[in-house]
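The chain contents come next:
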Amino acid sequence: ENTPNLDIVMDEVIEILQTEKIPCTVFLTALWAINYSGVVHQMANDTLFEFGNHTYSHKIFKQTLNQRIKEKEIQNSTRILELLTEQKIKLFRFPGGINSEKDSLLVESFGQKVIRWDIASGDAFGTNELESTIFDSGCFIINHNCCCL
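What counts and how
Residues numbered from 1 in each chain as written. Predicted model: local features only at pLDDT ≥ 70, side-chain atom pairs only at ≥ 80, totals over all residues. Heavy atoms only, no water. Helix = DSSP H or I, 4+ residues; strand = E, 2+ residues; numbered from the N terminus. Buried < 20%, exposed > 50% of the residue type's maximum accessible area, 1.4 Å probe, protein only. Polar contact = N/O pair within 3.5 Å; in protein donor to acceptor, adjacent residues only side chain to side chain. Contact = heavy atoms within 4.5 Å. Axes fitted to C-alpha atoms, helices over the stretch in contact; angles between N-to-C directions. Parallel < 35°, antiparallel > 145°, perpendicular 65-115°, else oblique. Left-handed = near helix turned anticlockwise from the far one by under 90°. Expected span 1.5 Å × (residues − 1).

How do you make sense of the side chain of Thr78 when you look at a structure like this?
Within the fold, Thr78 resides in helix α4 (residues 67-85). A relative accessible area of 13% means that Thr78 is categorised as buried. For Thr78, the side chain forms a polar contact with the side chain of Gln112, separated by 2.7 Å. Excluding its chain neighbours within four sequence positions, the residues that come into contact with Thr78 are Asn53, Ile89 and Gln112.

Below is the structure:
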């Protein structure tokens, strides 16, 4: 496989954001944060980065019928992300943006605000529609890294 090394790609992205002083909210699954804890610590040491919860294992909530599983996905991810980033996790993004109103209320009961996006790069589906696009300040852009955990 000809996939770029994630650590190198992330170092390049972090360097650009830091050089240009671009604040960024990064939504992480706990599994990704555990596997790439060095990258997480690097970002957490810079005030440009804030972190949001993206569940423990990227389960699609509408397809996960068991309420207890949903609660554990939120709780376990929050605990791990707060430990690794040393930040209070206040934001949450549903995998795929797929959820019910009841799911949103559950997230809010844990003190986290549900965040949507207004621009999708398409990278989760093998395309990159944003490569040469310039955006206004304040956009919520959904963009993924090259691996999914």
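I tried to follow the packing of α4 against helix α5 (residues 101-109) on my own but got confused; where do I start?
Contact pair α4 / α5: the axes reach a minimum separation of 10 Å and the direction vectors enclose 45°. When the axes of α4 and α5 are compared, the pair comes out oblique. The way α4 lies across α5 gives a crossing that is right-handed. Note on element contacts: α5 touches α4 through Lys102, Asp103, Leu106 and Val107, opposite Gln67, Lys70, Glu71 and Ile74.

How should α4 be read in this particular structure?
Given 3.6 residues to a turn, an α-helix orients residues that are three or four positions apart in the same direction. End to end, α4 covers 27 Å across 19 residues, agreeing with the expected 27 Å (1.5 Å per residue, within 8%). Looking only at α4, the buried set comprises Lys70, Glu73, Ile74, Ser77, Thr78, Ile80, Leu81, Leu84 and Thr85. Against the buried residues of α4 lie β1 (24-28), α2 (30-35), α3 (37-44), β2 (49-53), β3 (91-92) and α5. Trailing α4 by a residue or two, Glu86 shows a phi angle of about 60°, which is positive.

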